[in-house]
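Now for the letters of each chain:
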Amino acid sequence: MSTGTIRTDVPARLDRLPWARWHWMIVIGLGTVWVLDGLEVTIVGNLSGRLSEPGSGLDITQSQVTGLGAAIYVLGACCGALFFGWLTDRFGRKKLFMVTLAVYLFGTAMTAFSFDVWWFFLFRFVTGAGIGGEYAAINSAIDELIPARHRGRIDLVINGTYWAGAAFGALLTVPILTQLPVGWGWRVAFGLGVVLGLVILLVRRHVPESPRWLFIHGRGDEAEALVRGVEEEVAREDRVTLEPVDKTIEIHQRRTVGFGVIAKTLIKQYPKRAGLGFALFIGQAFLYNAITFGYAQILQTFFQVPSGSTGYYFAVIAVGNLLGPLLLASLFDSVGRKIMITGTYVLSGVLLLGTAWLFSAGVLNAVTMTACWCVVLFFASAGASSAYLTVSEIFPMETRAMAIAFFYAIGTAAGGIAGPLIFAELVGTGKVGDTVLAFTIGAAVMIAGGLVEAVLGVKAERKSLEDIAKPLTAT
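Residues numbered from 1 in each chain as written. Predicted model: local features only at pLDDT ≥ 70, side-chain atom pairs only at ≥ 80, totals over all residues. Heavy atoms only, no water.

1. Let's talk about the overall build of the protein
Let me state the cut-off plainly: Each helix is a run of H or I in the DSSP string that is no shorter than four residues. Each strand is a run of E no shorter than two, and both are numbered from the N terminus. Only C-alpha atoms enter the radius of gyration, while the globule expectation follows 2.2 Å times N to the 0.38, with N the number of residues. Remark: exposure states derive from per-residue accessible area (1.4 Å probe, protein chains only) relative to the maximum for the residue type, with buried under 20%, exposed over 50%, and partly exposed in between. Whether two residues touch is decided by their heavy atoms; if any such pair falls within 4.5 Å, the residues are in contact. Reported accessibility uses the Shrake-Rupley method at a 1.4 Å probe radius. Residues are deemed covered only where the shown protein chains occlude them. Residues scored as charged are limited to Lys and Arg (positive) and Asp and Glu (negative), so that His and the chain ends carry no count. By convention, the charge on Lys lies at NZ, on Arg at CZ, on Asp at CG and on Glu at CD.
For the protein, the helix and strand inventory stands at 19 helices and 2 strands. Radius of gyration (C-alpha) of the protein: 22 Å, near the 23 Å computed for a compact globule of 475 residues. Structurally, the protein occupies a C-alpha span of about 65 × 45 × 45 Å along its principal axes. In the protein, buried positions account for 61% of the 475 residues. The long-range fraction of contacts in the protein, counting pairs at least 24 apart against all pairs at least 6 apart in sequence, stands at 87%. Carbon and sulfur atoms form 67% of the exposed surface of the protein, whose accessible area is close to 16800 Å². Averaged over its 36 positive side-chain charges, the protein has a centre that lies 3 Å from the centre of its 33 negative ones.

Shown next as structure tokens:
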């Protein structure tokens, strides 16, 4: 529905803000959710051995947990991303990042009460749906609220906090697996995820709606009031005088943008950017979903690591993953997106091929294998985080949440569902050659993603979102 045409300087005013406490509130309120995703995936991977033991309360095998169970969780994330992504573009960022967190809390709580395999799989799907919806709502909100000169590093660091949750989850499983009864430990682990989610829900209440979404959807007065309030807060707290801006954009306001318009924009208007999004998401999704769900199985199958100790090894890998975005993020804004994304994807793939060769030669043990993976994923983690940054900034504002959801769903369905199934099957044979093949496939898709970035990548560093992709409603 059309509501008129306005000229606004809100985007330019948001981009010229100095970094302030208000931005930290956004980072904490929205970024902490990736801790939950990392916690979920890691807990399931490291609890897979205990869940399959007699007395756990579930008649399930370890390969079913790391294979079918992981694939169902990812399938839920894909469906949730598409459904909630569409609602995010339609009803706003804030409403949906509250709703999706509530869905996650419900799914995780119900998983803790699983009494049969079908119940466990059902609520793994629901939990995944909540997390998938979070990706669309939160990444779109972050990019629309953070100044252009900081957008790359903040987006990477926030997505990288997934691994803080992974490290916490890995260490959490150690006392749970060693100190609590078989039938109760894994339930307590999922219950702790609910507690953490409730804390995040309380913090998130204070994060505002995106002013960019407001002025496009006929709520220009609210956008103006919100930005003016932020400017006054920043000027008062930092004791700075904000210079006026002279850059404006004219918008033909609409209350809704149809799904057909969104699909046409992604595929017909930006086909090369669509191909880039697919390549980046398939590469990182295959590698990460396969490894994060299945690494404990590798340790137990080939290095006879007890199920109660796998968390220590995974915590080391998680720290390597966390350090990658933290230490490399600033380079994505200074050196540039194209060089850094290409480099991190290709280098991580090459290093993984080296790890596969060492593993096939029989020279690795549990410690050295973990060290190799730590180095591989240091670079892969920064690359994987940049995939979300890429698809959230190279498409028009009206399609942003749906674009994130679309590429996340398609890429993750191709890599994230197939990855755990293939990886669990290959590792489950107990043959070194089959696991080497799994490593090689993961390396190949990462390298391919990097090469596509080298050809089709967009130089988006330090640019306003409206300069990278003109809004559909701009006149």
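Next comes the rest of the account.
2. Some details on the pattern of salt bridges
When charged atoms on two side chains of opposite charge get close, those side chains can pair. The criterion, for reference: Just to be clear on terms, a salt bridge is a Lys or Arg side-chain nitrogen sitting within 4 Å of an Asp or Glu carboxyl oxygen.
Summed over the entire model, instances satisfying the criterion amount to 18 salt bridges. A salt bridge links Arg-212 to Glu-466; the nearest nitrogen and oxygen atoms lie 2.7 Å apart. You can see Arg-212 sitting in helix α10 (residues 211-216) and its partner Glu-466 sitting in helix α19 (residues 465-468), a full 254 residues away along the chain. Note on accessibility: Arg-212 and Glu-466 belong to one class, buried. Glu-393 is the salt-bridge partner of Arg-337, the closest N and O atoms lying 2.9 Å from each other. Remark: Glu-393 occurs in helix α16 (residues 366-393) and Arg-337 occurs in helix α15 (residues 337-360); sequence separation between them is 56 residues. Overall, the relative accessible area of 1% leaves Glu-393 in the buried class.

3. As for the side chain of Arg-400
The residue Arg-400 is located in helix α17 (residues 400-428) in this model. Under the relative-accessibility criterion, Arg-400 is labelled buried at 1%. Residues in contact with Arg-400, not counting those within four places in the same chain, are Asp-89, Arg-93, Ser-140, Glu-144, Ser-392, Phe-395 and Leu-465.

4. Side note on the packing of helix α14 (residues 310-334) against α15
The condition that has to hold: Geometry is summarised by axes, namely lines fitted to C-alpha atoms with helices restricted to the contacting stretch, and by angles between N-to-C directions that run from 0 to 180 degrees. Should an angle lie under 35 degrees it is considered roughly parallel, over 145 roughly antiparallel, and from 65 to 115 roughly perpendicular; all remaining angles are considered oblique. Residue polarity is assigned by list, with Asp, Glu, Lys and Arg as charged and Ala, Val, Leu, Ile, Met, Phe, Trp, Tyr, Cys and Pro as nonpolar; anything else, Gly included, falls into the polar class.
α15 packs onto α14 with a crossing angle of 140° between their chain directions and a minimal axis gap of 7 Å. The orientation of α14 relative to α15 falls into the category oblique. Along the contact surface, α14 presents Leu-328, Leu-331, Phe-332 and Asp-333, while α15 presents Arg-337, Met-340, Ile-341 and Thr-344. Residues of the contact of α14 with α15, tallied by class, amount to 5 nonpolar, 1 polar and 2 charged.

5. Description of the packing of aromatic side chains
Inclusion rule: Pairs were defined over the aromatic rings of Phe, Tyr and Trp, the Trp ring being its six-membered one, requiring ring centres within 6.5 Å. Orientation was assigned from the angle between planes: stacked under 30 degrees, edge-to-face over 60, tilted for the rest.
Summed over all chains, the structure comprises 22 aromatic pairs. With a centroid separation of 5.3 Å and an interplanar angle of 90°, the aromatic rings of Phe-302 and Phe-359 are classed as edge-to-face. Within this pair, whereas Phe-302 is found in helix α13 (residues 271-303), its partner Phe-359 is found in helix α15, the two being separated by 57 residues in sequence. Grouping residues by exposure puts Phe-302 and Phe-359 together as buried. Here the aromatic residues Phe-106, Phe-115, Trp-118, Trp-119 and Phe-123 are joined through ring pairs into a cluster of three or more.

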